[in-house]
Amino acid sequence: MQQGETLMQSIQQSIKCYYGLCLLALALLCWLPSNANAILAANCTASMNPSTINISSAVTPSNADNATINATITYTCTNTDYLLNMNVSVCLSADGGNDGSGNSSTVLPRYMKNTLNDSRLAFTMTLPSRSNKVWGTDSSAMYQSAVHTLSPRASITVNVPVTITLLANNNNTLAAIGSYINTFNTTNTAITYSDRTALIAALLATPNCQTDKIILLADTVTKALPFTVQATVIPSCVISTVTDFNLGSRPASQSLIAASNNTINTTCTTNAPYYIGLLPSNGNINGAGVLTGTGSNTEQIPYQLRSAASATGTIWGNTATATTVGNGLAQTGSGVAQIHTVYVTVPNSDVTPDNYTDKVTVTVNY
C-alpha cells in the first residue's frame, strides 16, 4: 500500500505541476499582446508643410472667392521593436480652428478673422486623395491611412496633400482690408495612430485608428498637428462699367447744355479709400475738354466735366492721387459696385451741324 500511495501522490503532484504550467502559459498568452503593444508600440509624428499656410498676400474682390494654395501633411511612423513586425493605422483630423467665434466644431465653412475688426474670410480645406472631401473630425471627414506593416526598426513616411481655398458665396468680396488668421493649435488638430503586432492582427483584426480606443489589445496614441492659415486683404479697385455721354441732338441756338447720363461703376475693397480722376483727350487736368467734329470740320465744342449738377457744379478733373482727392471724386470701397454720376456742361452749340465727340480717361487711384 505504501508503494501504491506513493505512486498516486507522485501522479497527483505531476498533474498539479502540469496544470500549473498550463495556467502559467495561458496567463502569459493573455498578458503578452496587451503589454507587448504598450512596450513595442510604433511611434508616429506629423507636421504641416508649410506650418503657416498663406492663402494669398493679395486678396481682392476679384479673387476673394477662389484663391487657392496647396499644403502637405507629412507623417512618419517607426516600429521601435527589435523583433516583431507591427501593423499601424494612422488618422489625421482637424476641426474649425480658432476663428474668434468660439465655435470650433464647424468645418464648412471655416473662417479666418481680421486681426483688427470683426470682418471674416471663409475658406475650406479638402483632401485631394479623398475625392476632395472636406477635411474634418468625424469618421467620414478625417484622413485614415491604409494599414502599414513595419518590420522591426523600420519606418515609413507618407505625404498627404491638402488644398486650402477661399470659399465662394460667403461674402468674402465684402472683407475689409487687413490681415486674417485662423490658428489650429494642439486642441484643434490631431494625428491618432493605433498599432498591433502583426501576429495579433492576423489572429484578431488589423488596427483601426478610429475605433481602437475601446479595444484593449490595441495601443492608440493621439498627438498634436498644429498649423496656421492666413491671408491678407489689400486695397483694390476695378472699374466695372463706364457709360458714354450722349448730349443728343441740339439746335445751334441752344446755350448752357447740361447732361448727366454718364455713370462710372467701381468695385473696391471694403474700407479702402479711393479717388477718381477724369482727363479729357486734350490733357486738361481741370476737366475742361473739347468735342471735335468729323472729317474736315475743324470746329470744336468746349465742355466741362463736373461731379455735381448745374453749371456751377464742382469741376471734376485729374489731380487726384492715391492719397489726396485733388479735384477728383473721393469714395470709400464697400466690396460691391458703387455708381458715380458724371455731369457735363456745354456753354453753347453754335457750330456747324455734325457729330462731335471726345474721349475721357477714367483713373481710379487707391
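Refer to the structure above for everything that follows.
Note that this is a predicted model, so its numbers are computed, not measured.

### Things to note about the packing of aromatic side chains
Tallying each qualifying case throughout the model produces 3 aromatic pairs. Seen from their ring centres, Trp135 and Phe227 are 6.1 Å apart, and the 15° between their planes marks the pair as stacked. Of this pair, Trp135 sits in the loop between strand S7 (133-134) and strand S8 (143-144) while Phe227 sits in strand S14 (residues 227-233), and the two are 92 residues apart along the sequence. The same class applies to Trp135 and to Phe227, which are both buried. These aromatic residues form a ring-pair network of at least three members: Trp135, Phe184 and Phe227. The ring of Tyr111 has Arg120 lying over it, and the distance from NZ or CZ to the ring centre is 3.6 Å. One Lys or Arg, Arg153, reaches over the ring of Tyr82 and ends 4.2 Å from the middle of that ring.

### Considerations on the pairing of strand S16 (residues 255-268)
Pairing geometry for strand S15 (residues 237-242) and S16, over 5 bridges, is antiparallel. Residue Cys237 lies in a different strand from S16, and its bridge partner there is Cys268. Of the strand pairs in this sheet, S16 and strand S21 (residues 337-348) are connected by 10 bridges, and their pairing is antiparallel. Looking at S21, one finds that Asn265 is bridged to Ile339.

What counts and how
- Numbers given for residues are sequential positions, taken from 1 along each chain in its written order.
- Local features in this predicted model are restricted to residues whose pLDDT is 70 or higher, and side-chain atom pairs enter the listing and the counts only when it is 80 or higher, whereas totals over whole chains, interfaces and linings include all residues.
- To get the side-chain values, take all heavy atoms of the structure and skip hydrogens and water.
- Here the aromatic set is Phe, Tyr and Trp, taking the six-membered ring for Trp, and pairing holds for ring centres within 6.5 Å; pairs whose planes are under 30 degrees apart are stacked, those over 60 apart are edge-to-face, and all others are tilted.
- What counts as a helix is a DSSP run of H or I of at least four residues, what counts as a strand is a run of E of at least two, and both are numbered from the N terminus.
- Exposure categories follow from relative accessible area, calculated using a 1.4 Å probe and restricted to protein chains: below 20% of the type maximum is buried, above 50% is exposed, and the middle band is partly exposed.
- Criterion for a charge above a ring: Lys NZ or Arg CZ within 6 Å of the ring centre, and within 35 degrees of the ring normal.
- When DSSP finds two or more bridges between a pair of strands, those strands are recorded as paired.

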